[in-house]
Amino acid sequence: METAWQTRSKYFDWKRIALFRRTKATSAPAANTEYRAFCQGEPSIPVFSRPWWLDATAGADQWDVALVKQGSEIVATMPY
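Our subject in this report is the structure included herewith. Counting from 1, residues in each chain are numbered in the order their sequence is written. For this predicted model, a pLDDT threshold of at least 70 governs which residues receive local features, and a threshold of 80 or more governs which side-chain atom pairs are given and counted, while totals over whole chains, interfaces and linings are taken from all residues. Hydrogens and waters are ignored; side-chain quantities use all the structure's heavy atoms.

Some thoughts on the overall build of the protein chain
- Runs of E in the DSSP output that reach at least two residues are strands. Runs of H or I that reach at least four are helices, and both are numbered from the N terminus. Per the secondary structure count, the protein chain includes four helices and three strands.
- Overall, the protein chain shows an N-to-C arrangement of helices and strands of α-α-β-α-α-β-β.
- Burial status follows relative accessibility: with a 1.4 Å probe on protein chains alone, a residue under 20% of its type maximum counts as buried, one over 50% as exposed, and anything between as partly exposed. The buried share of the protein chain, reckoned over its 80 residues, is 21%.
- In this analysis, two residues are considered to be in contact whenever any of their non-hydrogen atoms come within 4.5 Å of each other. Pairs at least 24 apart in sequence give 49% of the contacts found in the protein chain among residues at least 6 apart.
- In short, Shrake-Rupley with a 1.4 Å probe defines the accessible areas, and a residue's cover is counted only from the protein chains shown. Of the roughly 6,200 Å² of accessible surface on the protein chain, a fraction of 59% belongs to carbon and sulfur atoms.

Written out as structure tokens, the structure is:
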């Protein structure tokens, strides 16, 4: 019978988690501007995460975004 640790080890990608821990989070007004530029060239962003949608539903100055970057490349975003 497997222990809980062995079961979790099969389902988690520990290398990816370690990579995420080494990345740097960006937040500030610059993050919002950088996110707008990022969305211009990234077609896979869902409609509900697009800057124009967030502006229309929350207000232009009422939302922000957390960016996770590896070097100068954006690897994750979370608008809120």
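Now that the structure has been shown, the text picks up again.
Some details on a nonpolar patch on the surface
- A grouping of Val47, Phe48 and Trp52 is seen on the molecular surface, where their side chains present a nonpolar patch of about 350 Å² in accessible area.
- Relative to the assigned elements, phenylalanine 48 resides in the loop between helix H3 (29–40) and helix H4 (51–58).
- The exposed category is assigned to phenylalanine 48, whose relative accessible area is 56%. Only residues whose relative accessible area exceeds 30% and that take part in no salt bridge are eligible for patches, with like-charged residues grouped when within 9 Å of each other and nonpolar side chains (Val, Leu, Ile, Met, Phe, Trp, Tyr) grouped when within 5 Å. Criterion for a salt bridge: a side-chain nitrogen of Lys or Arg within 4 Å of a carboxyl oxygen of Asp or Glu.

Observations regarding the pairing of strand E3 (residues 73–79)
- Any two strands with at least two DSSP bridges between them are considered paired. As defined by bridge partners, strand E2 (residues 65–70) adjoins E3 across six bridges and the pair is classed as antiparallel. Across the sheet, glutamine 70 pairs through a bridge with glutamate 73, a residue of E3.
- The hairpin turn running from E2 into E3, its antiparallel successor, is two residues long, and glycine 71 in that turn takes a positive phi close to 70°.

Some thoughts on the nonpolar core
- Counting nine residues, the largest nonpolar core is built from Ala31, Tyr35, Cys39, Ile45, Leu54, Trp63, Val65, Leu67 and Ile74.
- Only H3 and E2 provide two or more residues apiece to this core.
- Looking at this core element by element, the count peaks at three residues for H3.
- When neighbours within four sequence positions are excluded, isoleucine 74 is seen to be in contact with Glu34, Phe38, Leu67, Val68 and Lys69. In this description, a nonpolar core means a group of buried Ala, Val, Leu, Ile, Met, Phe, Trp, Tyr and Cys residues linked to one another through side-chain atoms lying within 4.5 Å.

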